[in-house]
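Structural characterization, general
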Amino acid sequence: MIVKFLASFSFLVMAVLFAGVLSKVSSVVETRFLSKLSARKQRNVLIGGTVFLESCLVMLLAKASEWSYIDSLFVASLLLIALIWLPAYFRPYQENASRTIGRFHRGLHSGEIDIHNGGSRHPFFIGTLIFCTVGLLTVFAYYFSYIT
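The structure contained in this document is the topic of the report that follows. Not measured: the values here are computed from a predicted model.

Counting its secondary structure elements, the chain contains 4 helices and 0 strands. Beginning at the N terminus, the succession of helices and strands in the chain can be written as α-α-α-α. Relative to the globule expectation of 15 Å for 148 residues, the C-alpha radius of gyration of the chain, 21 Å, shows a markedly less compact shape. Seen along its three principal axes, the alpha-carbon backbone of the chain occupies a region of about 55 × 55 × 50 Å. The buried share among the 148 residues of the chain stands at 19%. Sequence separation of 24 or more characterises 61% of the internal contacts of the chain that already satisfy a separation of 6 or more. Surface exposure of the chain reaches about 11600 Å², of which carbon and sulfur atoms provide 72%.

Glancing now at the nonpolar core. In terms of nonpolar packing, the biggest core is built from 8 residues, these being Val58, Ile70, Leu73, Ala76, Leu80, Phe131, Cys132 and Val139. Residue assignment for this core shows that the elements contributing at least two residues are helix H3 (69-106) and helix H4 (123-147). With 4 residues, H3 is the single largest residue contributor to this core. Residues in contact with Cys132, not counting those within four places in the same chain, are Ser77, Leu80 and Ile81.

Another aspect to go through is the packing of helix H2 (residues 39-65) against H4. The geometry of H2 relative to H4 is characterised by a closest axis approach of 8 Å and an angle of 50 degrees between their N-to-C directions. Considered as vectors, H2 and H4 are oriented oblique to each other. The two elements H2 and H4 cross, and the hand of that crossing is right-handed. Contact with H2, carried on its side by Arg43, Leu46, Ile47, Thr50, Val51, Glu54, Ser55 and Val58, involves Pro123, Phe124, Ile126, Gly127, Thr128, Ile130 and Phe131 of H4 and no other residues of that element. Along the lines of polarity and charge, the residues of the contact of H2 with H4 split into 9 nonpolar, 4 polar and 2 charged.

We now examine the environment of Asn96. If you trace the backbone, Asn96 turns up in helix H3. On the accessibility criterion, Asn96 (17% relative accessible area) is buried. Between the C-alpha atoms of Asn96 and Arg106, which are 10 residues apart in sequence, the distance is 15 Å.

Calculation rules
Residues numbered from 1 in each chain as written. Predicted model: local features only at pLDDT ≥ 70, side-chain atom pairs only at ≥ 80, totals over all residues. Heavy atoms only, no water. Helix = DSSP H or I, 4+ residues; strand = E, 2+ residues; numbered from the N terminus. Rg over C-alpha atoms; globule rule 2.2 N^0.38 Å. Buried < 20%, exposed > 50% of the residue type's maximum accessible area, 1.4 Å probe, protein only. Contact = heavy atoms within 4.5 Å. Areas by Shrake-Rupley, 256 points an atom, 1.4 Å probe, with all protein chains shown as cover. Core = buried A, V, L, I, M, F, W, Y, C linked by side-chain atoms within 4.5 Å. Axes fitted to C-alpha atoms, helices over the stretch in contact; angles between N-to-C directions. Parallel < 35°, antiparallel > 145°, perpendicular 65-115°, else oblique. Left-handed = near helix turned anticlockwise from the far one by under 90°. Nonpolar A, V, L, I, M, F, W, Y, C, P; charged D, E, K, R; others polar.

So, in structure tokens, the structure goes:
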């Protein structure tokens, strides 16, 4: 029992420390490097950095799982699409359901009904979308000879 508690507590401490270190690194990069660039260059650097980090994560996945890089690219692309696209897709649904329940039970009018607008224009979202699209097209091109 105490071992489980200590393991959970140490994991929690590591997660908080990781978040703190990541926040500090982010602020240093922003103040020292990104603040000196124009808005367009900042956006391009963040998109390129996103694609680079995701490529590194795919390489780590390939090494850890002993899969080929192309198979790891396929799995990672599908997972990233699910992690990035699905929450953005279902958020208006959940908000609309909450509004409907509030209106029905309490008579509250909390705004208009929202529809899915296709996602964010944030550099992380765009970089992930580029990575996943190129990754899935690469996998399709690689395995196309097996299909035909």
